[in-house]
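# Structure assessment
Here is how the chains run, residue by residue.
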Amino acid sequence: MKPVVLQLIDSFHQGGSERQAVQLTRLLHDSDRFQVQLACLNPDGILRTEIEALDLGEIPSYPLNSFYDRNALVQLRKFVRHLRTAKIDLLHSHDFYTNVFGMTAGALARVPVRIASRRETSGMRSTTQQKAQGFAYSLAHRVIANSEAGRQKLIAEGVRADKITVIYNGLDLERVTPQPSLTRPGALAALHLPEYFQDRRFVTIVANMRHEVKDYPMFLRAAQRVREAIPQAAFLLAGEGELTQSIRAQARELGLERDTFFLGRCEKLAELFAVSDVCVLSSKAEGFSNSILEYMAAERPVVATDVGGAREAIVEGETGYLVASGDDRAMADRIVSLLRNTEKARAMGQQGRRIVAQKFSRAAQLEGTEELYAELLGASRVIQPMSIGNAAAKTVEPK
């Protein structure tokens, strides 16, 4: 019989972690080496239709308001019961909330193989949350980091190096590749941008507007400098979240209201990148950015802050440029240089796509994941079950 593998994801909304988890679930299902199941904390989101097409059966959900109320205990018990009843051989969680919830339930249910994930480096978690996630890692048999930077952060936090495996995000190149028939007017129309913007030079950022760590204020300060140097420059902001209004307000304060276009959540990435001249990420912290890979796969030159795993994808001076977090002057200078040298920008974009195809493909992601699963499932008969009590007595993990 095939091993039963359960993927636990937070929701089906259009976040980087969610999209990677849904993609991996689909890849594992199609490879047919494992019997794949799925569970979630929140059953809502646009990505659910992709999963339902796979016919995986019931997708149980365990909604949480907090880790510290009665509902959390009720949901935990339900999930433990499901893990036991379904005879799950391997449980794989994908982000902070599913790590804490999933690894706790997996330990209580004595799931033979438990894998947690690390998709960020810093800047998003409180001290209490960091302790909770550290405890979750102690209950896992392995932690997948999606970058070497993430791996180093885990080691600095006390997780043993031999407990960490790096598997990079996999990218669907077709998702960001425009059809040959796509014209610039057609792309502008798809993005609801007027045709008379054909002569504008577009600088694009794709990042959520939910977390201050994405540092849109830095991007806007750089945009102001770029516009002063290149008056025909315009700026496309693709993202949604509760910070949207404050970001709009800052654009107005900087005199950029006529040059910044807020696209919200953008489903038409191929069209977006087709009209983009330079793509940017201004984050204060990242694990490994899906946006950077998407930019490169779309043959766009990248200017990004040197945080997280950015330098594991961007080759300085060959596929783009790295600047210090918060340094809007340096970011603007690099953007301006690319806007003024279209031949160099084009060459950088082409090299970026070659690197993504070689190193960050879906095939590479699937291969690394299946090898890890096979290794741990083969060793699971000798893995000593870890109880919550034993794990709590250790700062990292029982030997």
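Provided above is the structure to which this section pertains.
Below: a short report on this structure. Because the structure is a prediction, the values reported are computed rather than measured. (Residues numbered from 1 in each chain as written. Predicted model: local features only at pLDDT ≥ 70, side-chain atom pairs only at ≥ 80, totals over all residues. Heavy atoms only, no water.)

### So, the packing of helix 4 (residues 96-108) against helix 5 (residues 127-139)
Running from N to C, helix 4 and helix 5 cross one another at 40 degrees; their axes reach a closest spacing of 8 Å. Comparing the axis directions of helix 4 and helix 5 gives the class oblique. Considering the relative orientation of helix 4 and helix 5, their crossing is left-handed. Between helix 4 and helix 5, the residues in contact are Phe96, Tyr97, Asn99, Val100, Met103, Thr104 and Ala107 and Gln129, Ala132, Gln133, Ala136, Tyr137 and Leu139, respectively. Among the residues making up the contact of helix 4 with helix 5, the classes are represented as 9 nonpolar, 4 polar and no charged. (Axes fitted to C-alpha atoms, helices over the stretch in contact; angles between N-to-C directions. Helix = DSSP H or I, 4+ residues; strand = E, 2+ residues; numbered from the N terminus. Parallel < 35°, antiparallel > 145°, perpendicular 65-115°, else oblique. Left-handed = near helix turned anticlockwise from the far one by under 90°. Contact = heavy atoms within 4.5 Å. Nonpolar A, V, L, I, M, F, W, Y, C, P; charged D, E, K, R; others polar.)

### Some points on unusual backbone geometry
Phi angles above zero are rare outside glycine, and Lys87 is one such case at about 55 degrees. As for its placement among the helices and strands, Lys87 is situated in the loop between helix 3 (70-85) and strand 3 (90-93). Residue Lys87 is classed as exposed on the basis of its relative accessible area of 64%. In this structure, Asp215 is a non-glycine residue whose phi angle is positive, near 55 degrees. Along the chain, the position of Asp215 falls in the loop between strand 7 (201-206) and helix 8 (216-229). (Buried < 20%, exposed > 50% of the residue type's maximum accessible area, 1.4 Å probe, protein only.)

### Some words on the pairing of strand 8 (residues 233-238)
Among the 6 residues that make up strand 8, 6 are buried, leaving the element largely enclosed by the rest of the structure. In strand 8, alternate side chains face the same way, and those of Ala233, Phe235 and Leu237 on one face and Ala234, Leu236 and Ala238 on the other are all buried. Pairing between strand 7 and strand 8: 6 bridges, direction parallel. Its bridge partner lying in strand 8, Arg201 is registered against Ala233. Regarding topology, helix 8 serves as the crossover connection from strand 7 to the parallel strand 8, and that connection is right-handed. Relative to strand 9 (residues 260-264), strand 8 runs parallel, the two being bridged by 4 bridges. What sits directly across from Phe235, in strand 9, is Thr260. Between the parallel elements strand 8 and strand 9, the chain passes through helix 9 (residues 244-253) in a crossover that is right-handed. (Pairing = 2+ DSSP bridges. Right-handed = clockwise from strand over helix to strand, strands pointing away.)

Coordinates in, geometry out; function isn't part of it.
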